[in-house]
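Overview (structure and organization)
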Amino acid sequence: MLKKYVTALIIAILATSCATHEKTASPADRLDSVAREYVKLGLSIGQFDGDFVDAYYGPDSLRPAKTDTSHFPKEALLQKTSALKHVLATFAPNAAPDTLARRAEWLTAQLTAFERRIQLFSGTLVPFDSESKELFDAVAPVYEEQYFKDLIAKLDRLLPGQGSIPERYQKLANHFLIPQNKIDTVFRTTIAEARKRTLAHYTLPVGEDFKLEYVRDKPWSGYNWYKGNYKSVIQINISQPIYIERAIDLACHEGYPGHHVYNALLEKNLFRGKGWTEISLYPLFSPQSLIAEGSANYGISMAFPGDEQREFCKNVLIPVAGLDTAMSYAYFKALTIRSALNYARNEVARGLLDHGMSDREAKRWLTDYCLLSEKGASDYLRFIRKYRSYVINYNYGQDIVKKYIESESGTTADAGRRWKRFEALLSNENKASDLLKK
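All of the points below concern the structure found in this document. Bear in mind that the values here come from a model prediction, so they are computed numbers and not experimental data. (Residues numbered from 1 in each chain as written. Predicted model: local features only at pLDDT ≥ 70, side-chain atom pairs only at ≥ 80, totals over all residues. Heavy atoms only, no water.)

1. Things to note about the overall build of the protein chain
To be explicit about the condition: Strands are runs of DSSP state E lasting at least two residues, helices are runs of H or I lasting at least four, and both sets are numbered from the N terminus onward. Values of the radius of gyration come from C-alpha atoms, whereas the globule rule sets the reference at 2.2 Å times the count of residues to the power 0.38. Exposure categories follow from relative accessible area, calculated using a 1.4 Å probe and restricted to protein chains: below 20% of the type maximum is buried, above 50% is exposed, and the middle band is partly exposed. Whether two residues are in contact is decided by their heavy atoms, any of which lying within 4.5 Å being enough. Only four residue types enter the charge count, namely Lys and Arg as positive and Asp and Glu as negative; His and the chain termini do not. Taken as the charge location is NZ of Lys, CZ of Arg, CG of Asp or CD of Glu.
Helices and strands together make up the secondary structure of the protein chain, namely 19 helices and five strands. Expected size for 438 residues packed as a compact globule is a radius of gyration near 22 Å; at 23 Å, the protein chain falls within 12% of this value. Within the span of the protein chain, comprising 438 residues, buried residues form 53% of the whole. A sequence separation of at least 24 residues applies to 71% of the contacts in the protein chain between residues at least 6 apart. Seen as two clouds, the 58 positive and the 52 negative side-chain charges of the protein chain have centres 1 Å apart.

Right, dumping it as structure tokens:
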């Protein structure tokens, strides 16, 4: 059955490619046809799985007709996915130009993620690491609890006051909680600075822009909804407490040089510049997301390297928020250690999804090691249940991008080279294994 379907699909792709050519379709034409079928398939899955398509700005002609979504056509979708992968296998590196082979390899990895998400959506689960490998092309390292205990011990020596470490950390952090009536001013000030720093290195497409919105009751703290034509909607969840450093984190991650810049450069260079239709579809559960989240997190230190985040907070944002700069040095020292604790989130997700960890134990990890508030821990449990192994994209994705950029460009000593290499990363189809190989 599958063999017949593959043959039929190959014939259809060749026919489509030849429609505007008198001679046999070139490899590039055939790959373009596969890319269009890939987009159609992704949009079809998205009709059933509401979280599947994060963004689409391609031709309306590729959108599927409305269909009855009461029955999920698992097997038909899997057959289509497998058939496209069979066609892509003909673009082996020794049988096609490197650019075509690399593009085909990227599409194949994306389709492997399609297969896993289809299975997951229909209730077929695999272990956490297998899931992350198929969805995001990466397996995050495992850390035992003692690793986090050792980091917490360092924090214990740093934090002032008496009581438990989470309580002392929260007391220190509360000095830098942005008042609700200052959130918009702080965020607009921060995004403007992040954009200015990005534009010092990049020429972004004419007309690029974003709309800033504030929302409530989400499992995430911020989200970028890319709309195409170099426009984004950036949403900030104000039902969660927002501390002063998060203004920089979210402004860079969701905006500049993070998601907004990443999507705009892909649209400009690949979709409009090269006519690669596949890039107009952003499937959330795919290898593209590890690059997106990892680069967005690394983008924070691109825009604010070294101590510049702390200094901008102390000299600009804390006064704008009407807060006291006293204790800011101790707070940012604590944040450095807290950042290293981020991998505890992966272990909570592994525990919940693989090992039957109870909600109570998960919340203990999230409060004791991730230093989240009670509400923050509850919200993150919602995030894990919804996004599952997606959690590795933030920490492990950031580490992969960091090593890739700095392996050839150094750190802050050669900022120009780092920005150039970072721009190349944001402007091309990449996946984790590509970066790890290099």
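2. Brief notes about the packing of aromatic side chains
Spelled out, the test is: Pairs were defined over the aromatic rings of Phe, Tyr and Trp, the Trp ring being its six-membered one, requiring ring centres within 6.5 Å. Orientation was assigned from the angle between planes: stacked under 30 degrees, edge-to-face over 60, tilted for the rest. The rule is short: NZ of Lys or CZ of Arg within 6 Å of the ring centre and within 35 degrees of the ring normal puts a charge over the ring.
Going through the model one piece at a time under the given rule, you end up with 30 aromatic pairs. An angle of 15° between the planes, with centres 4.7 Å apart, marks the rings of Phe176 and Tyr331 as stacked. With a gap of 155 residues between them, Phe176 in the loop between helix H7 (165-173) and helix H8 (183-199) and Tyr331 in helix H13 (residues 328-340) connect regions that are remote in the sequence. A relative accessible area of 0% places Phe176 in the buried class. Here Phe304 and Phe312 contribute two aromatic rings whose centre-to-centre distance is 5.5 Å and whose plane-to-plane angle is 50°, an arrangement assigned as tilted. Taken individually, Phe304 and Phe312 each receive the classification buried, so the pair is uniform in this respect. These aromatic residues form a ring-pair network of at least three members: Phe136, Phe285, Tyr380, Phe383, Tyr387, Tyr390 and Tyr394. Over the ring of Phe312 we find Arg197; its NZ or CZ atom is 6.0 Å from the centre of that ring. It is Arg345 that lies over the ring of Tyr380; its NZ or CZ is 4.7 Å from the centre.

3. Regarding the nonpolar core
In plain terms, the rule: Only buried residues count toward a nonpolar core, which is a set of Ala, Val, Leu, Ile, Met, Phe, Trp, Tyr and Cys residues joined through side-chain atoms within 4.5 Å.
By size, the foremost hydrophobic cluster in this structure holds 135 residues, and its most contacted members are Ile244, Tyr331 and Phe422. Here this core gets nine residues from one element, more than from any other, and that element is helix H4 (residues 98-121).

4. Observations concerning unusual backbone geometry
Of note, the amide linkage connecting Tyr256 to Pro257 takes the cis form, showing an omega dihedral of 5°. Even without being a glycine, Asp217 presents a positive backbone phi close to 55°. When you line up the elements, Asp217 lands in the loop between strand E2 (209-215) and strand E3 (222-228). Backbone geometry places Met327, a non-glycine residue, at a positive phi of 75°. Inspection of the secondary structure assignment puts Met327 in the loop between helix H12 (308-320) and H13. Accessibility expressed as a relative area gives 36% for Met327, which makes it partly exposed.

5. Comments concerning the sheet that holds strand E4 (residues 231-237)
Going by this rule: The rule for pairing is simple: two strands pair if DSSP sees at least two bridges between them. The axes used here are C-alpha line fits, helices contributing only the stretch in contact, and every angle between their N-to-C directions lies in the interval 0 to 180 degrees.
The mixed open sheet is built from three strands, whose spatial order is E2-E4-E3. Every interior strand has two partners, whereas the edge strands, E2 and E3, have only one. Geometrically, the sheet is characterised by an average inter-axis angle of 20° between neighbouring strands, direction not taken into account. Packing against the sheet, helix H9 (residues 244-255) makes contact with E3 and E4, and its axis sits at approximately 25° to E3.

6. Some points on the pairing of E3
With respect to burial, E3 is a largely interior element, five of its seven residues being buried. Across six bridges, E3 lies against E4 in antiparallel orientation. For Tyr226, the partnering residue across the bridge sits in E4 and is Ser232. Hairpin connection of E3 to E4: two residues between the antiparallel strands, including Asn229 at a positive phi of 55°.

7. Considerations on helix H3 (residues 74-88)
Quick reminder of the rule: Multiplying 1.5 Å by the residue count of a helix minus one yields the expected span of that helix.
In this model H3 runs 21 Å from its N-terminal to its C-terminal C-alpha over 15 residues, within 8% of the 21 Å that 1.5 Å per residue would give. What H3 keeps buried is the set Leu77, Leu78, Thr81, Ser82, Ala83, Leu84, Val87 and Leu88.

8. Some thoughts on H13
Counted at 1.5 Å a residue, the expected span for H13 with its 13 residues is 18 Å, and the 19 Å between its end C-alpha atoms agrees. Taken together, the buried positions of H13 are Ser328, Tyr331, Phe332, Ala334, Leu335, Ile337 and Arg338.

9. Observations concerning the state of the cysteines
This is how the line gets drawn: Here, a disulfide means two cysteine sulfur atoms that sit within 2.5 Å of each other.
Scanning the model with the defined rule gives zero disulfides in all. Of all cysteine sulfurs in the structure, the one in Cys313 sits closest to Cys252, which takes part in no disulfide; the separation is 10 Å. Judged by its relative accessible area of 0%, Cys252 is buried. Using a relative accessible area of 0% as the deciding quantity, one classes Cys313 as buried.

10. Focus: the packing of H12 against H13
We count it as follows: Here roughly perpendicular refers to angles of 65 to 115 degrees, roughly parallel to angles under 35, roughly antiparallel to angles over 145, and oblique to all remaining angles. Here a crossing is called left-handed whenever its near helix is offset anticlockwise from the far helix by less than a right angle, and right-handed whenever the offset is clockwise.
In the contact formed by H12 and H13, the axes pass within 10 Å of each other and the chain directions differ by 140°. Taken together, H12 and H13 sit at an angle that is classed as oblique. Once H12 is placed against H13, the crossing between them reads as right-handed. For the pair H12 and H13, contact is made by Gln309, Arg310, Cys313, Lys314 and Ile318 and by Ser328, Tyr329 and Phe332, respectively.

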